[in-house]
Amino acid sequence: MGQVTLQDVAEHAGVSMKTVSNVVRGYRHVSDAMRTRVQGSIDALGYRPNVSGRSLATGRTNMLAFAFPDLRRPYFAELAHVFSQVCAERGYQLLLEETAGAPGGELSAVRGREAGVVDGVVIHPQVLTPAEIDSARGDTAVVFLGEDVRPPGGDLVAIDNVRAAAEAVAHLAALGRRRIGFLGHEVGEQSRTSTFRLEGYRDGLSAAGLPFDPTLCVPREVGDAQGAELAFGRALDDGLSIDGLLCRDDLAAVGALRAMRLRGLEAPRDVAVVGWDAIGLAASLVPSLTSVAPDTVALAEAALDRLQERIAGRPGDGQAVTVGHRILVGESAPYPDGSVD
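Criteria and cut-off values
- Residues numbered from 1 in each chain as written.
- Predicted model: local features only at pLDDT ≥ 70, side-chain atom pairs only at ≥ 80, totals over all residues.
- Heavy atoms only, no water.
- Helix = DSSP H or I, 4+ residues; strand = E, 2+ residues; numbered from the N terminus.
- Buried < 20%, exposed > 50% of the residue type's maximum accessible area, 1.4 Å probe, protein only.
- Polar contact = N/O pair within 3.5 Å; in protein donor to acceptor, adjacent residues only side chain to side chain.
- Contact = heavy atoms within 4.5 Å.
- Axes fitted to C-alpha atoms, helices over the stretch in contact; angles between N-to-C directions.
- Parallel < 35°, antiparallel > 145°, perpendicular 65-115°, else oblique.
- Left-handed = near helix turned anticlockwise from the far one by under 90°.
- Nonpolar A, V, L, I, M, F, W, Y, C, P; charged D, E, K, R; others polar.
- Arc of directions from axis to C-beta.
- Phe/Tyr/Trp six-rings, centres within 6.5 Å; stacked < 30°, edge-to-face > 60°.
- Lys NZ or Arg CZ within 6 Å of the ring centre and 35° of its normal.
- Salt bridge = Lys/Arg side-chain N within 4 Å of Asp/Glu carboxyl O.
- Pairing = 2+ DSSP bridges.

Engineer: Which residues make up the side chain of His171, and what are the values?
Structural biologist: As for its position among the elements, His171 is in helix α8 (residues 161–174). Classification of His171 by relative accessible area gives buried; the value is 12%. At a separation of 2.7 Å, a polar atom in the side chain of His171 contacts the main-chain carbonyl oxygen of Ala333. Not counting residues within four places of it along the chain, the set of residues in contact with His171 comprises Val274, Thr290, Val329, Ala333, Pro334 and Tyr335.

If you want it as structure tokens, here you go:
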């Protein structure tokens, strides 16, 4: 048999082509018995929908894009997995776009609709300004993740970085830590992520009645675990004295733990350490890592809700949605009674 058509499936199942089309499109008002019957014929004949034909008929591809800076970062790899699962549940395929945190990559992502490949884009920008995004996206449906950078009409989904950092400092202060440092922000111009997390760090210190000491903030030149290890190791060798540490991300925390171990220091005995992102690796470290854990499922669900609304033509001003987070407590900074989650 040549390529199986919709008509072939309809004849095999003894139903109309419209019924087969409704099943293929996931139309909700189809009985379970009819859906099972048509699906049986689809499976028996090996039918595959003609995506290009469907795109010409509907103007949509049922494909979305998720654009992010760097797939080597565990947080983005894990977030991409969550987005893929949520998209599949909603009948979409997901295209992953690595932008390298560069203007060209981010511009290409927000222009994705022009090529007719995707219906909409979720993007975690790092360098584009709201004006640049607004001028580039054309009629592309776009939802933004991360810190508050969006055009006036754009939709944004994020966690409250400032509040989360303050809560992490409060957790360290509850352990009796009084010299709490911050590790992992950029040398020179800071990213928006670092800016908000440092703001929350300072808020947390103030709430705990602790002074802000800029000498306890250690930047890193390279944004990976090794860069954090080198920066924190140098600071310890130069006499840095702290008993608590909030890290910009879990990779910085991994580097901090290694730098400490090489110098005979342990967490939490000498320095209680809190990371950020709660990547899967964090629970397998020794000690297991306490970390700020964004609700990534809620983030993906909220982003796709907004994106589907825009694809369907929702007009009006953009929406800013804040999803939850928690402090996932591990051995590196346990609860005051020594317990962990």
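Now that the structure has been shown, the text picks up again.
Engineer: Describe the packing of helix α5 (residues 74–89) against helix α12 (residues 296–311), with residues and values.
Structural biologist: Contact geometry of α5 with α12 gives a least axis separation of 9 Å together with a crossing angle of 55°. One element, α5, and the other, α12, form an angle in the oblique class. As for how α5 packs across α12, the hand of that crossing is right-handed. Every residue of α12 that contacts α5 at Tyr75, Leu79, Val82, Phe83, Val86, Cys87 and Glu89 is listed here: Thr296, Val297, Leu299, Ala300, Glu301, Ala303 and Leu304. Of the residues in the contact of α5 with α12, the class split is 11 nonpolar, 1 polar and 2 charged.

Engineer: Now, about unusual backbone geometry: what can you tell me, with residues and values included?
Structural biologist: Backbone torsion omega between Ala267 and Pro268 reads 5°, so that peptide bond is classified as cis. With respect to the element layout, Pro268 can be found in the loop between α11 (250–262) and β9 (272–276). Residue Pro287 is reached from Val286 by a cis peptide bond, and omega for that bond is 0°. Inspection of the secondary structure puts Pro287 in the loop between β9 and β10 (290–294). Although it is not a glycine, Asp277 sits at a positive phi angle of roughly 120°. Locating Asp277 in the fold gives a position in the loop between β9 and β10. Looking at Asp277, the relative accessible area reads 13%, which means it is buried. Unlike most non-glycine residues, Ala278 shows phi in positive territory, near 55°. Structurally, the position occupied by Ala278 is in the loop between β9 and β10. We classify Ala278 as partly exposed; its relative accessible area is 22%.

Engineer: Explain helix α6 (residues 103–110) to me, and be specific about the residues and the numbers.
Structural biologist: Because an α-helix packs 3.6 residues into every turn, residues spaced three or four apart end up facing the same way. Among the residues of α6, Glu106, Ala109 and Val110 are the ones counted as buried. Seen from one end, α6 has its buried residues packed into an arc of 90°, which puts them on one side. In this fold, the buried residues of α6 make contact with β1 (63–68), β2 (93–98), β3 (120–123), α7 (130–136) and β4 (141–145).

Engineer: Tell me about the packing of aromatic side chains, and please be specific about residues and values.
Structural biologist: Applying the stated criterion to the full structure yields 6 aromatic pairs. With 5.1 Å between their ring centres and 45° between their planes, Phe66 and Phe68 make a pair best called tilted. Its relative accessible area of 0% is what places Phe66 among the buried residues. The exposure class of Phe68 is buried, given its relative accessible area of 1%. Here the aromatic rings of Phe66 and Phe83 are separated by 4.5 Å at their centres, their planes lie at 20°, and the arrangement is stacked. Within this pair, whereas Phe66 is found in strand β1, its partner Phe83 is found in helix α5, the two being separated by 17 residues in sequence. Here Phe66 matches Phe83 in class, with each residue buried. Members of the aromatic cluster, connected to one another through ring pairs, are Phe66, Phe68, Tyr75, Phe76 and Phe83. Across the ring face of Phe212, the terminal group of Arg202 is positioned such that the distance to the ring centre comes to 3.8 Å.

Engineer: Talk me through the pattern of salt bridges; I want residue IDs and the actual numbers.
Structural biologist: A full pass over the atoms with the stated rule returns 14 salt bridges. Among the salt bridges present, the one from Asp305 reaches Arg90, with a minimum N-O distance of 2.9 Å. Here Asp305, found in helix α12, pairs with Arg90, found in the loop between α5 and β2; they are 215 residues apart in sequence, far enough to count as distant. As a salt-bridge pair, Glu229 and Arg258 come within 3.1 Å of each other at their nearest N and O atoms. One end of the pair, Glu229, is in helix α10 (residues 225–237); the other, Arg258, is in helix α11, with 29 residues separating them in the sequence. In this structure Glu229 comes out as buried when scored by relative accessible area, which is 17%. Each of Glu186, Arg220, Arg248 and Asp249 takes part in a single network of salt bridges with overlapping partners.

Engineer: Run through the sheet that holds β9, naming residues and quoting values.
Structural biologist: Here 6 strands make up an open sheet; going across it, the order is β7-β6-β8-β9-β10-β12 and the pairing mixed. Looking along the sheet, the strands with just one partner apiece sit at the ends: β7 (217–220) and β12 (325–328). Looking at each pair of strands side by side, their axes are set apart by 20° on average, direction ignored. One ladder, built from 3 bridges, connects β9 with β10; its direction is parallel. Counterpart to Trp276 in the pairing with β10 is Val292. Relative to β9, α11 is tilted by about 155°, and along the sheet it contacts β6 (180–186), β7, β8 (244–247), β9 and β10.

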